[in-house]
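# Summary of structural features
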Amino acid sequence: ETFAIASNKQVLTMGKKSKRRANKGGGVGSTHFATAAVQQPGSNLLFRAPPPNIDPSRNTYGGLPENHTDDIGRMFCSHDREYCHICCVDHRMCNRIVEESAGLKKKTTPVEEAANMYATTITALRKMEHMRPRSSEEMFEQNRQYKKEYEGKLR
């Protein structure tokens, strides 16, 4: 995903490098001429894509999307989703807590939590072996200690 700022019909692309580069020198990003740039009214900036259309009638709370709760207390967006990429909301974790407290879902036991954390530490140690630059020996030792701690809880 690129973020483009332009002035005088030249676009400065931040992030990904452009295949067509007018400026081969150093600096941030690359400079090239925009063919499909959109100019904001009353502004000298050009953008590669038009801004999203936001319907102000659907927004409340000073621009935040409208949410609602059901009779149990779970939250959903205006599209009746607990995770919505349109509204940019994620109520899954809060809804999980509400469902556990209402008895709809089983709470995780200490053994299940220890098993999840043990698997996480094993994965972390494996991934740390492939990291460049390598993590410090203190980080390896800390994760090895966590692994031993959770392994002890599983016995």
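A few points on the structure.

## Topic: the side chain of R74
Inspection of the secondary structure puts R74 in the loop between β8 (67-69) and β9 (75-77). A polar atom in the side chain of R74 sits 3.3 Å from the side chain of E99. Contacts of R74, omitting those with residues within four sequence positions, involve H68, T69, N95, V98, E99 and L104.

## Some remarks on the pattern of salt bridges
Applying the stated criterion across every chain, the model contains 11 salt bridges. With a closest N to O distance of 3.2 Å, K106 and E112 form a salt bridge. Classification of K106 as exposed rests on a relative accessible area of 59%. In this structure, R144 engages E141 in a salt bridge whose closest nitrogen and oxygen atoms are separated by 3.5 Å. With R144 and E141 both in helix α3 (residues 137-154) and 3 residues apart, this pair spans about one turn of that helix. Salt bridges sharing partners connect three or more residues here, namely D70, R74, E99 and K105.

## A closer look at the packing of aromatic side chains
The final tally for this structure, using the stated rule, is 0 aromatic pairs. A cation over a ring is seen here: R92 above Y83, with NZ or CZ 4.4 Å from the ring centre.

How each quantity is defined
Residues numbered from 1 in each chain as written. Predicted model: local features only at pLDDT ≥ 70, side-chain atom pairs only at ≥ 80, totals over all residues. Heavy atoms only, no water. Helix = DSSP H or I, 4+ residues; strand = E, 2+ residues; numbered from the N terminus. Polar contact = N/O pair within 3.5 Å; in protein donor to acceptor, adjacent residues only side chain to side chain. Contact = heavy atoms within 4.5 Å. Salt bridge = Lys/Arg side-chain N within 4 Å of Asp/Glu carboxyl O. Buried < 20%, exposed > 50% of the residue type's maximum accessible area, 1.4 Å probe, protein only. Phe/Tyr/Trp six-rings, centres within 6.5 Å; stacked < 30°, edge-to-face > 60°. Lys NZ or Arg CZ within 6 Å of the ring centre and 35° of its normal.

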